[in-house]
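# Observations on the model geometry
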Amino acid sequence: MRALLPLALLASLALAGCDTINGTDSGAAALMERLDGTWTRTVTTERIAPNGSVTPEGTARTDAYEIGRRIRCNRIELTNAGDADRIAVQFDPTDPASSRNCDVITTDGDARRLIFVGDNGSILQDRVATIEEDTASRQVWAFYAFDGADAIRTLWTLTR
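The notes below deal with the structure included here. (Residues numbered from 1 in each chain as written. Predicted model: local features only at pLDDT ≥ 70, side-chain atom pairs only at ≥ 80, totals over all residues. Heavy atoms only, no water.)

### A word on the packing of aromatic side chains
Applying the stated criterion across every chain yields a total of seven aromatic pairs. Seen from their ring centres, Tyr 65 and Trp 156 are 5.3 Å apart, and the 70° between their planes marks the pair as edge-to-face. Of this pair, Tyr 65 sits in strand E2 (residues 54-68) while Trp 156 sits in strand E10 (residues 150-159); the two residues are 91 residues apart in sequence, bridging distant segments of the chain. Both residues of the pair, Tyr 65 and Trp 156, count as buried. An aromatic cluster of three or more residues is present, and its members are Tyr 65, Phe 116, Trp 141, Phe 143 and Trp 156. (Phe/Tyr/Trp six-rings, centres within 6.5 Å; stacked < 30°, edge-to-face > 60°. Helix = DSSP H or I, 4+ residues; strand = E, 2+ residues; numbered from the N terminus. Buried < 20%, exposed > 50% of the residue type's maximum accessible area, 1.4 Å probe, protein only.)

See the structure below:
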């Protein structure tokens, strides 16, 4: 009987650790609730050189970005799995019935980063955004990638 007690304690600690990692013990559910709804999303890209100089790249684009527990993606409707994740879809606000590719979004344990699970339909690749601003009416998320020695920062600014 004594041998079972440490195993039960270890199992409960492991389960509690999983909850902390995916954010259920933090502000993850509150963050996801703030994200629910339809936003105007503006996407801009900047190149950051090793010397620290920042140069805008391309032109900004604007679209609609809907986040929620249940979202229509093309011909199917997806439902999220828990309080710390959501489904999101980008679409042309002038043609809401057009192609609607969905994202699955979750957050880290501190609710400071968003994880786009299976980015671009890849089950092998997730994409992470750092939350730079977080209010009910404005969100700014930064994505980083590298191009040689330069960093490429893509900013999503969501407003209501």
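### Considering the sheet that holds E10
The strands that make up a sheet pair up through hydrogen bonds in the backbone, lying either parallel or antiparallel. Read around the barrel, eight strands follow the order E1-E2-E5-E6-E7-E8-E9-E10 and close on themselves; strand pairing throughout is antiparallel. Averaged over all adjacent pairs, the angle separating strand axes in this sheet is 35°, with direction ignored. Sheet contacts for helix H2 (residues 28-35): strand E1 (37-48), E2, strand E5 (85-91), strand E6 (102-107), strand E7 (113-117), strand E8 (127-134) and strand E9 (138-147); angle to E6, the most-contacted strand, approximately 145°. (Pairing = 2+ DSSP bridges. Axes fitted to C-alpha atoms, helices over the stretch in contact; angles between N-to-C directions. Contact = heavy atoms within 4.5 Å.)

### Some points on unusual backbone geometry
In this structure, Ala 111 takes a positive phi of about 55° despite not being glycine. Looking at the element boundaries, Ala 111 is found in the loop between E6 and E7. On the accessibility criterion, Ala 111 (15% relative accessible area) is buried.

Take it as geometry only, folks, not as evidence of what the structure does.
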